[in-house]
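Secondary and tertiary structure notes
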Amino acid sequence: MAGFAGVDFMEFDSLLNDEEKLVRQTARQFVDNEIIPIIEKHNREATFPRHLVPQLGELGFFGANLQGYGCAGMSNVAYGLMTQELERGDSGLRSFVSVQGALVMYPIHAYGSEAQKQKWLPALQSGKAIGCFGLTEPQFGSNPGGMLTRAVKKGNKYVLNGEKMWITSGSIADVAVVWAKCEDEKVRGFLVEKGTRGFKAWDVHGKWSLRASVTSGLSFGDCEIPEENLLPGVAGLKGPLGCLNQARYGIGWGALGAAMACYDTALQYAKTRKQFANKPIAAHQLVQEKLAWMITEITKGQLLALHAGRLKDQGKVHPSHISMLKMNNVGIALETARKARDILGANGIVDDYCIMRHMNNLESVFTYEGTNDIHKLVIGERITGIAAYV
Ligand code: TGC
Ligand code: FAD
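About the criteria used
Residues numbered from 1 in each chain as written. Chains lettered and ligands numbered in written order. Predicted model: local features only at pLDDT ≥ 70, side-chain atom pairs only at ≥ 80, totals over all residues. Heavy atoms only, no water. Phe/Tyr/Trp six-rings, centres within 6.5 Å; stacked < 30°, edge-to-face > 60°. Helix = DSSP H or I, 4+ residues; strand = E, 2+ residues; numbered from the N terminus. Lys NZ or Arg CZ within 6 Å of the ring centre and 35° of its normal. Domains from an automatic or database assignment. Buried area = accessible area lost by both parts, 1.4 Å probe. Salt bridge = Lys/Arg side-chain N within 4 Å of Asp/Glu carboxyl O. Polar contact = N/O pair within 3.5 Å; in protein donor to acceptor, adjacent residues only side chain to side chain. Buried < 20%, exposed > 50% of the residue type's maximum accessible area, 1.4 Å probe, protein only.

**Some details on the packing of aromatic side chains**
This structure, assessed with the given rule, holds 9 aromatic pairs. When the ring of Tyr 269 is compared with that of Tyr 353, the centres are 5.9 Å apart and the planes differ by 90°; the resulting orientation is edge-to-face. A residue pair is termed long-range when its members are at least 10 positions apart, and Tyr 269 in helix α6 (residues 238–272) and Tyr 353 in the loop between α8 (319–343) and α9 (355–367) qualify at 84 residues. An aromatic cluster is present here, built from Tyr 106, Tyr 111, Phe 133 and Trp 179 joined pairwise through their rings. In this structure, Lys 312 packs its charged tip against the face of Tyr 249, placed 5.4 Å from the ring centre. Sitting over the face of the ring of Trp 293, Lys 339 holds its NZ or CZ atom 4.9 Å from the ring centroid.

**Things to note about the domain arrangement of the chain**
The domains assigned to the chain are domain 1 (12–126), domain 2 (131–229) and domain 3 (238–384). Computed over C-alpha atoms, the centres of domain 1 and domain 3 are 20 Å apart. Between domain 1 and domain 3, roughly 2600 Å² of surface is buried when both sides are summed, and carbon and sulfur atoms account for 55% of that area. Our enumeration of links across domain 1 and domain 3 arrives at 4 salt bridges. Remark: the boundary between domain 1 and domain 3 carries 15 residue pairs in polar contact (both at pLDDT 80 or more). Sorting the residues of the side of domain 1 that touches domain 3 by element identifies α1 (18–45), α3 (76–89) and α4 (91–111) as the ones contributing at least two each.

**Points about the pattern of salt bridges**
The full count for this structure, using the stated rule, is 20 salt bridges. Between Glu 87 and Arg 94 there is a salt bridge whose closest N-O contact spans 2.5 Å. With respect to class, Glu 87 is no different from Arg 94; both count as buried. Arg 338 is the salt-bridge partner of Glu 335, the closest N and O atoms lying 3.6 Å from each other. Of this pair, Glu 335 and Arg 338 both sit in helix α8, 3 residues apart, which is roughly one turn of that helix. Judged by its relative accessible area of 28%, Glu 335 falls in the partly exposed class. One network of salt bridges, with partners in common, ties together Arg 28, Asp 32, Glu 85 and Arg 88.

Here it is, written out as structure tokens:
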């Protein structure tokens, strides 16, 4: 079967260089050959396709836009095109790659000691080690500054107590980047290794979204963390929020991949499904309106992502730009999935087609990494100078 040909209504590809196209092609083939054939089974059985982790490492997809320590050092645009293709396969796979690179490798790279970088970055890059990022708590999601998890210094150790919730890859992680408040009320990051006494991880079951991804709760009961496992380079909420910029950027591209998969499926279906006068449903104006809406929003989303990526490569991107990217592209992807599901009629609800899986996944993507409304408030704060969270 021919692989995915891409969605390019307005010569978007003319804006990409050869390296960017090559990275996209590599990710595209990987998704077509390794993810699409197995993903519905994993989604149905709620299992994470862990066997793909070493291959993702070999392809250089973990921490792909970081420099050194075995990382691929690709541009942010190439990185974005890679996450776009992965999410065309499944948001869960893209999520795994986002967490590993943007939320675990990035903080070690940006805030870690040289010893921490040497110990963890090559292992995480290759997929020999898996990481997770613990910021959210049962009572504090959108407002992580309220966190209850505490780290108290005792001699050359920190004693960690608290709970984290909704943590991607939590129970399969070798290392957890955990954010906790210290005695000076500042938030700091700790590398909590698997097997640390008092550290427990369990999985969330019954999810109707991101079923091919591991989502966990973590608890810390008097966990003794050696002081060399503190991330020394940052104190304050800007530490974890700085990591979120990296991950939200990848999601902004990734959501386009899910939207493209839904649009492409709906377009092919509409051209062959016949109703009334033996005409394909694509011949009806109301169906064309939906398809025209989708391709317009995907095209606008591509241009937004590309511009944010170019700004990021030049060191000029602002967190509020990334909020706009994440908010807009996830929003239009979810709406694309809903319209595409409608075009498939009853066939849209079964997993012979990818649409309902993407739609359900995108409900999580809409919420995590800052809910859609939180990103509106970030943009509102940037343009008015007034924070409206409280
Ligand atoms: P606020 O007072 O505004 O800021 C505190 C300090 O942080 C700085 N800051 C940032 N720094 C870097 N990047 C950003 N995006 C930043 N936003 C703020 C700020 O300058 C300040 O620094 P300083 O030096 O003055 O202390 O903080 P606030 O408590 O009012 O919160 C603002 C708000 C609501 C925007 C923030 O809390 C927020 O973004 N909330 C959403 C939480 C969230 O996104 N959680 C995600 C958890 S991880 C996840 O979901 C992973 S999903 C996994 C996957 O991809 O599969
Ligand atoms: P809440 O903060 O309770 O928000 C509920 C509703 O209230 C939302 O509509 C929100 O927009 C609205 N709201 C909140 N505050 C305001 C306000 N000031 N003004 C207006 N409306 C407001 N977290 C991690 O730390 N690591 C992970 O790896 C991770 N992975 C995840 C994986 C999945 C599958 C999911 C679903 C979540 C994951 N999360 C992770 C958690 C995620 O970041 C949070 O769910 C998210 O930040 C929202 O928090 P909440 O669910 O507590 O919702």
